[in-house]
Amino acid sequence: MRNHSKPHYDTERLNSVPFTSVAEWLDETKRRGCHNVTYCPWHDDSHPSLVLYENGNENRCHCFSCGCGGDIISYVMKHEGVDFANACEMLSQKFGIDTKA
């Protein structure tokens, strides 16, 4: 009998990849003050407005232009136009993380 259940992904490990590493893989980053910034995938961004937070337990992004943001998986989904499973697979392959929890 086949197991047709959907795979479960270790989102905690995937979301622990340093945000700057993911953003540099998909786009360019710049240093602004004490944070790195990149282009926001949630709107047509001509000046990097997506701030990457990587302090302590934080590993998220926020755009001060459009107000959107999120974790690494949501950033990859929006930037690459893929669904959750494909974003997890892309991160897993790029950063060598076993995605199955």
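This structure is a prediction, so every number in the text was calculated from the model and none was measured.

Conventions and cut-offs
- Along every chain, residues carry numbers that run from 1 in the direction the sequence is written.
- Restriction of local features to residues with pLDDT of at least 70 applies here, the model being predicted, together with a cutoff of 80 or more for giving and counting side-chain atom pairs; totals for whole chains, interfaces and linings are based on all residues.
- The side-chain values count all of the structure's non-hydrogen atoms but skip hydrogen atoms and water molecules.
- Only DSSP runs of H or I reaching four residues or more are called helices, and only runs of E reaching two or more are called strands; each is numbered from the N terminus.
- When a residue's accessible area, from a 1.4 Å probe over protein chains only, is under 20% of the maximum for its type it is buried; when over 50% it is exposed; and in between it is partly exposed.
- Whether two residues are in contact is decided by their heavy atoms: any pair within 4.5 Å suffices.
- Here, Shrake-Rupley sampling with a 1.4 Å probe gives the accessible areas, and only protein chains in the shown set may cover a residue.
- When charges are counted, Lys and Arg are positive and Asp and Glu negative, with His and the chain ends excluded.
- Positions of charges follow a simple convention, taking NZ of Lys, CZ of Arg, CG of Asp or CD of Glu.
- By convention a nonpolar core is built from buried Ala, Val, Leu, Ile, Met, Phe, Trp, Tyr and Cys residues, the set being connected through side-chain atoms within 4.5 Å.

Caption draft 1: Looking closely at the overall build of the protein. Per the secondary structure count, the protein includes 4 helices and 5 strands. Put simply, the protein runs from its N terminus to its C terminus through helices and strands in the order α-α-β-β-β-β-β-α-α. Dimensions of the protein, computed from the C-alpha atoms along their principal axes, are close to 55 × 30 × 20 Å. Out of the 101 residues in the protein, the part that is buried amounts to 37%. Across the protein, the fraction of contacts at a sequence separation of at least 24, relative to all contacts at a separation of at least 6, is 46%. Approximately 6200 Å² of the protein is accessible, and the part contributed by carbon and sulfur atoms is 46%. Counting 10 positive and 14 negative side-chain charges, the protein places the averaged centre of each group 2 Å from the other.

Caption draft 2: Region of the structure containing the nonpolar core. Counting residues in hydrophobic clusters, the biggest one holds 20 residues, and the most contacted among them are L14, V22, L50, I72, Y75, V76 and L91. Elements with a minimum of two residues in this core: α2 (19-26), β3 (50-53), β4 (60-63), α3 (72-80) and α4 (84-95). Once residues within four sequence positions are removed from consideration, Y75 is found in contact with F19, V22, A23, L26, D27, T38, P41, W42 and L50.

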